[in-house]
Amino acid sequence: MDWSSAAFVFPGQGSQVVGMAKDFADSYPVAHELIQQADDILGFSLSALMFEGPDELLNDTINTQPALYVSGLAILRALQAELPDAKPAFVAGHSLGEFTALTAAGALPFAAGVRLVRERGRLMKAAGDTQPGAMAAILGLDSAKVREVCAEAAAQTGSTLVLANDNCPGQSVISGDTAALEVGLTLAKSAGARRAIKLAVSIASHSPLMQPAADAFAAALAQVDFSAPTVPIYGNVSAAPLAGVADIRRELETQLTNSVRWTETVQHMVADGAQTFLEIGTKDVLVGLNKRIDETKTAVPINTVANLRLFVEKQ
């Protein structure tokens, strides 16, 4: 394939599953070594949680975030072991996946990234414990209408509700105070939403309720030596390429409290020349979203060794 038009995209929370990346670790020494390195950095067996669970521990955000980060990069190592020329022209990640993308782009060292996403998970969990919130998926409304619903619910309740994720046309996630979210669900249904489903979380990600976590996370970010990315990385907050270290720091400091503009991110990558999107992770969530954003572009999941080898055979 033409790597000059290839985009590598990395998923966020929700793509974790017990057994994640185990087949890659078993089949590719480079993947095994990277996962072992993460265990050594963290001082506990993240790999045991990834490979064996249990679900409730893997789904705890303090563990989910490093598990997704490490598995994405382990799969990337396996891909590049099979295809040494597999270097993207564009990268992006959805929420937590943005950290994986930063490492793939050479901007965030792996060891620092492991520690950073573990701390991000810890701070988000703490923020959810002290200031619980709620999130819900809204299907069948465009993002402009969802923003109107959030604004109306916030006005009615005097509390916070915002568009957290603009995932693809007709699929959004809202986030904020529980009272405002309940009103928002009713308003969304009245506005014609096909479905409005509360998610099983108590953390209001990508909303102002995450400000305490964002403030504390800024201190962790200040300890990291970022580098300029070697390929364009498109930010969640800006939906545009992050030009250098200052842009990266600004993006990560504001990401926890701002919307993930995934639809615009993919559209901007396409406008800049992306033709094939490889989702490097343990499911195929972004493949589905990207097909709905632009069905004319190719979207391929690299989520199992079998899928990887099938992709390699076609090259």
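Since this is a predicted model, take the numbers as computed values, not measurements. (Residues numbered from 1 in each chain as written. Predicted model: local features only at pLDDT ≥ 70, side-chain atom pairs only at ≥ 80, totals over all residues. Heavy atoms only, no water.)

Q: What should I look at first to understand the state of the cysteines in this one?
A: Among covalent bonds in proteins, the disulfide is the one between the sulfur atoms of two cysteines. Applying the stated criterion across every chain yields a total of zero disulfides. Counting only cysteine sulfurs, C150 is the nearest neighbor of C168, a cysteine outside any disulfide, at a range of 16 Å. (Disulfide = S-S within 2.5 Å.)

Q: Looking at this model, I keep getting lost on the packing of aromatic side chains. Mind explaining?
A: Each aromatic ring pair is characterised by the separation of its centres together with the angle its planes make. In this structure the tally under the stated criterion is six aromatic pairs. Three or more aromatic residues joined by ring pairs form one cluster here, namely W3, F8 and F311. (Phe/Tyr/Trp six-rings, centres within 6.5 Å; stacked < 30°, edge-to-face > 60°.)

Q: For this particular structure, what's the right way to read the pairing of strand β4 (residues 161-168)?
A: On any regular strand, side chains alternate: one points to one face of the sheet, the next to the other face. With seven of eight residues buried, β4 is to be regarded as a mostly interior element. Taking the residues between adjacent antiparallel strands as the criterion, β4 and strand β5 (residues 171-176) are bridged by two residues, where G170 takes a positive phi near 85°. (Buried < 20%, exposed > 50% of the residue type's maximum accessible area, 1.4 Å probe, protein only. Helix = DSSP H or I, 4+ residues; strand = E, 2+ residues; numbered from the N terminus. Pairing = 2+ DSSP bridges.)

Q: It is not clear to me how the pattern of salt bridges should be interpreted in this structure. Could you clarify?
A: Pairs can form between side chains of opposite charge whenever their charged atoms are close. In the structure shown here, the tally under the stated rule is eight salt bridges. Residue D26 is joined to K22 by a salt bridge in which the shortest nitrogen-to-oxygen separation is 2.9 Å. Here D26 pairs with K22, and both are found in helix α1 (residues 22-27), just four residues apart, close to one helical turn. As a salt-bridge pair, K125 and D60 come within 2.8 Å of each other at their nearest N and O atoms. Taken together, the residues span a long stretch of sequence, with K125 in helix α7 (residues 110-130) and D60 in the loop between α4 (55-58) and α5 (61-82) at a distance of 65 residues. Of the residues examined, K125 reaches a relative accessible area of 31% and is grouped as partly exposed. (Salt bridge = Lys/Arg side-chain N within 4 Å of Asp/Glu carboxyl O.)

Q: Before we go on, may I ask you to explain the nonpolar core in this structure?
A: The nonpolar side chains of a soluble globular protein tend to be buried, and buried together. Grouped together as the largest cluster of nonpolar side chains are 67 residues, with contacts concentrated most on F8, Y69, L79, F99, L116, L278 and I280. Per element, the largest residue contribution to this core is ten residues, and it comes from α5. Ignoring anything within four residues of it in the chain, the contact list for L79 reads F8, A86, L278, I280, L308 and F311. (Core = buried A, V, L, I, M, F, W, Y, C linked by side-chain atoms within 4.5 Å. Contact = heavy atoms within 4.5 Å.)

Q: Looking at this structure, I do not really get the sheet that holds strand β3 (residues 134-139). What am I missing?
A: Neighbouring strands of a sheet are bound in pairs by backbone hydrogen bonds; such pairs are parallel or else antiparallel. The strand order across the open sheet built from four strands is β4-β5-β3-β6, with neighbouring strands paired in antiparallel fashion. Looking at the sheet topology across the chains shown, the edges are occupied by β4 and β6 (195-198). Across the sheet, the mean angle from the axis of one strand to that of its neighbour is 20°, orientation sign disregarded. The pairing of β3 with β6 spans four bridges and is antiparallel. For A136, the partnering residue across the bridge sits in β6 and is K198. Across the sheet, helix α8 (residues 143-157) lies against β3, β4 and β5, angled at about 165° from β4, the strand it touches most. (Axes fitted to C-alpha atoms, helices over the stretch in contact; angles between N-to-C directions.)

Q: Whenever I open this one, the packing of helix α6 (residues 97-104) against helix α11 (residues 245-255) confuses me. Can you help?
A: To describe two helices that pack against each other, one gives the angle between their axes and the distance between the axes. At a minimum axis separation of 12 Å, α6 and α11 run at an interaxial angle of 165°. In terms of axis orientation, α6 runs roughly antiparallel to α11. Crossing geometry of α6 relative to α11 is assigned as left-handed. Between α6 and α11, the contacting residues are E98, F99 and L102 on the first element and I248, E251, L252 and Q255 on the second. Here the residues of the contact of α6 with α11 sort into four nonpolar, one polar and two charged. (Parallel < 35°, antiparallel > 145°, perpendicular 65-115°, else oblique. Left-handed = near helix turned anticlockwise from the far one by under 90°. Nonpolar A, V, L, I, M, F, W, Y, C, P; charged D, E, K, R; others polar.)

Q: I tried to follow α7 on my own but got confused; where do I start?
A: Because each turn of an α-helix spans 3.6 residues, side chains separated by three or four positions in sequence point in the same direction. Over its 21 residues, α7 runs 30 Å from end to end, which matches the ideal 30 Å to within 8%, given 1.5 Å per residue. Within the span of α7, buried status applies to F110, G113, V114, L116, V117, R120, G121, L123, M124, A127 and G128. (Expected span 1.5 Å × (residues − 1).)

Q: How should I be thinking about unusual backbone geometry in this particular structure?
A: Negative phi characterises most residues that are not glycine, and trans characterises most peptide bonds. The linkage connecting G53 with the following residue, P54, adopts the cis geometry, with an omega of 10°. Note on placement: P54 falls in the loop between α3 (46-52) and α4. Even without being glycine, A21 reaches a positive phi, approximately 70°. Take A21: it is sitting in the loop between β1 (6-10) and α1. Residue A21 is classed as buried on the basis of its relative accessible area of 3%. The phi torsion at S95 lies on the positive side, around 60°, for a residue other than glycine.

Everything listed is a geometric property; what it means functionally is a separate question.
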